[in-house]
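Structural description and commentary
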Amino acid sequence: MKIPALDLRKQIAPLRGELDSAIKEVIDQASFILGEYVERFEQHVCEYCRVKYALGVSNGTDALSLSLLALGIKSGDGVICPAFTYYATAGAPASIGAVPVFADIDQDTYNISVESMEKILAKKNKVKVKAVIPVHLYGQCADMDGIMQLAAKYKLKVVEDAAQAFGAEFQGKKAGTIGDCGGVSFYPGKNLGAFGDAGAILTNNKTLAEKLLIWRNQGNENKYYHSVLGRNNRLDAIQAVVLDVKLRYLDEWNRKRQEVARYYNEKLAGLALKTPFVPGYTTHIYHQYTLRTSKSNKKFMDYLQGKGIDSRVFYPVPLHLQKCFKYLGYKRGDFPEAEKAAKQAFTLPIYPDLTREEQDYIIQSVREGVY
Ligand SMILES: Cc1ncc(COP(=O)(O)O)c(C=O)c1O
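These numbers were taken from a predicted model, which means no experiment stands behind them. (Residues numbered from 1 in each chain as written. Predicted model: local features only at pLDDT ≥ 70, side-chain atom pairs only at ≥ 80, totals over all residues. Heavy atoms only, no water.)

Observations concerning the overall build of the protein chain
Which entries qualify depends on this criterion: Strands are runs of DSSP state E lasting at least 2 residues, helices are runs of H or I lasting at least 4, and numbering of each runs from the N terminus. Throughout, the radius of gyration refers to the C-alpha atoms, and the reference size of a globule is 2.2 Å times the residue count to the power 0.38. Note on classification: 1.4 Å probe, protein chains only; a residue is buried when its accessible area is under 20% of the maximum for its type, exposed when over 50%, partly exposed between these limits. Only the protein chains shown count as cover for residues, and the accessible areas themselves come from Shrake-Rupley with a 1.4 Å probe. We treat Lys and Arg as the positive residues and Asp and Glu as the negative residues; His and chain ends play no part in the count. Charge positions come from single atoms, namely NZ of Lys, CZ of Arg, CG of Asp or CD of Glu.
Helix and strand counts for the protein chain come out as 13 helices and 14 strands. Taken against the 2.2 N^0.38 rule, which gives 21 Å for 371 residues, the C-alpha radius of gyration of the protein chain at 21 Å falls within 12% of a compact globule. The principal-axis extents of the C-alpha atoms in the protein chain amount to approximately 65 × 60 × 35 Å. Counting all 371 residues of the protein chain, 56% fall into the buried class. Accessible surface for the protein chain amounts to roughly 16,200 Å². Of this, 52% is attributable to carbon and sulfur atoms. Separation between the mean location of the 49 positive side-chain charges and that of the 41 negative ones in the protein chain comes to 6 Å.

Topic: helix 12 (residues 336–344)
Here is the rule we go by: Only heavy atoms matter for contacts: two residues are in contact if any of them lie within 4.5 Å across the pair.
When helix 12 is considered as a whole, its buried residues turn out to be E337, A338, E339, A341, A342 and Q344. Close packing links the buried residues of helix 12 with strand 13 (289–293), helix 11 (297–306) and strand 14 (345–348).

Structural notes on the site of the ligand
Stated formally: The near set for a molecule or strand comprises every residue that places at least one heavy atom within 4 Å of it. Here a polar contact is recorded for every N or O atom pair within 3.5 Å, except that within protein the pair must consist of a potential hydrogen donor and a potential acceptor, and residues adjacent in sequence are included only if both atoms are side-chain atoms. Both site types are read off a 1 Å grid over the protein atoms alone. A 1.4 Å probe that fits but cannot get out defines a cavity, while an open set with protein on both sides within 12 Å along at least five of seven lines defines a pocket; lining residues have an atom within 4 Å of a point. Any molecule with more than half of its atoms within 2 Å of a cavity's or pocket's grid points is regarded as sitting in that cavity or pocket. Amino acids outside the nonpolar list (Ala, Val, Leu, Ile, Met, Phe, Trp, Tyr, Cys, Pro) and the charged list (Asp, Glu, Lys, Arg) are all regarded as polar, and Gly is one of them.
Residues in close proximity to the ligand total 13 residues, the closest being G60, T61, D161, S185 and K190. The separation between an oxygen atom of the ligand and a polar main-chain atom of G60 is 2.8 Å. In this structure, Q164 approaches the ligand through a side-chain N or O atom, which is 2.9 Å from an oxygen atom. Considering the ligand on its own, with 390 Å² of exposed area, one finds that the protein chains cover 92% of that surface. Assessed atom by atom at 2 Å from the grid points, the ligand resides in the largest pocket. For the shell around the ligand, the secondary-structure elements that each account for two or more residues are helix 4 (60–70) and helix 5 (88–95). When the residues that make up the shell around the ligand are grouped by side-chain class, the tally is four nonpolar, seven polar and two charged.

Overview of empty space enclosed by the protein
Heads up, the rule is: Grid points are joined across faces, edges and corners, and a volume is the space filled by probe spheres set on the points.
Within the structure shown, the criterion is met by four cavities of 30 Å³ or more. As for the largest cavity, its lining consists of D108, T109, Y110, Y138, Q140, P276, F277, H284, Q288 and T290. Looking at side-chain class alone, the lining of the largest cavity contains four nonpolar, five polar and one charged residues.

Thoughts on the layout of surface pockets
So the rule is basically this: How far each domain reaches was decided by an automatic or database domain assignment.
One number sums up the size of the largest pocket: a volume of about 650 Å³. Lining the largest pocket are 31 residues, with Q164, Y187, K190, H287 and Y315 positioned closest to its centre. Looking at the lining of the largest pocket, the elements with two or more residues in it are helix 4, helix 5 and strand 14. At three residues, helix 4 tops the list of elements feeding residues into the lining of the largest pocket. Among the residues making up the lining of the largest pocket, the classes are represented as 15 nonpolar, 11 polar and five charged. When residues of the lining of the largest pocket are assigned to domains, at least three map to each of domain 1 (8–103 + 111–247) and domain 2 (250–369). If you add up the space inside the second largest pocket, you get close to 410 Å³.

Geometry only, nothing functional implied.
Here it is as structure tokens:
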């Protein structure tokens, strides 16, 4: 059996009629960038997330860097990021000249450790830390209570990286709506995925939303009157209508992912593998279903790949050890939990259309492969 990490064709096929006619309408109207289709999608995102403002942007990475710029983060300012996440979490602040300041993760949730964050903030750092980007990794929220308390104490801006967690909830609030703002990615493989690059920024802060509108569109306050050094971070209408169609199905898809995860948890219990830990404060929308072996994740991934199962390692190198961040001066051993997770965590295929037969095959293969 061959089981891909994700099969988007299965997701798209039943929606094909709706998607085709939505795209056709954009072409017929020849209204391709921002405009009414983007505004309609933004309105639906506001309703879905119960947030006052949602701004469609070009991708999740730009959602983060644009948010930092609009919050006044400048070149040389420190921005705390977890050491174990996708590159873009730290790439975004670095791209605007800010300095990523890494923190370790919690060993159970893989999300930023509030304790590690506090240790960093309590000591004298080379840079003045002005913001934090907590990541809701794999689809469950970080400990936002602890993070918001530290942010208040140290006067930090909080930009949530909700790229993998659109729809997850922290104590009844949607991921991305708790800090000053939240960045979302609609990369095609995300739980809500566009047909190309796309993202959004969520915020309840009117002043920030007004700033972001200008920053997102070349600093245009009035057409051809540029008040700030803005960027081209606009969302296009074809992505907006695709996302608008898919948004109607998102909760159903996330429920199916949760059911797939529940079945994995049940059938893989008692093995020498750690199944996901979900704290009471968050829901999990299982963008990824992540297991942990005390041996080598790479070996286990290779074994599963050999069985035709597209297991992945997210992420094999923690950010403080990535070549691109060498200039920051970190070394091996600085963030033990992040380094351990990079050696031990691997994923199993999870998506709404994964069949029971496929899942049973994966489970059987995992059981046979545990050593
Ligand atoms: C945690 C995290 N942050 C940021 C991003 C960046 O999103 P995008 O690919 O839309 O720029 C991603 C996307 O993979 C992500 O997983």
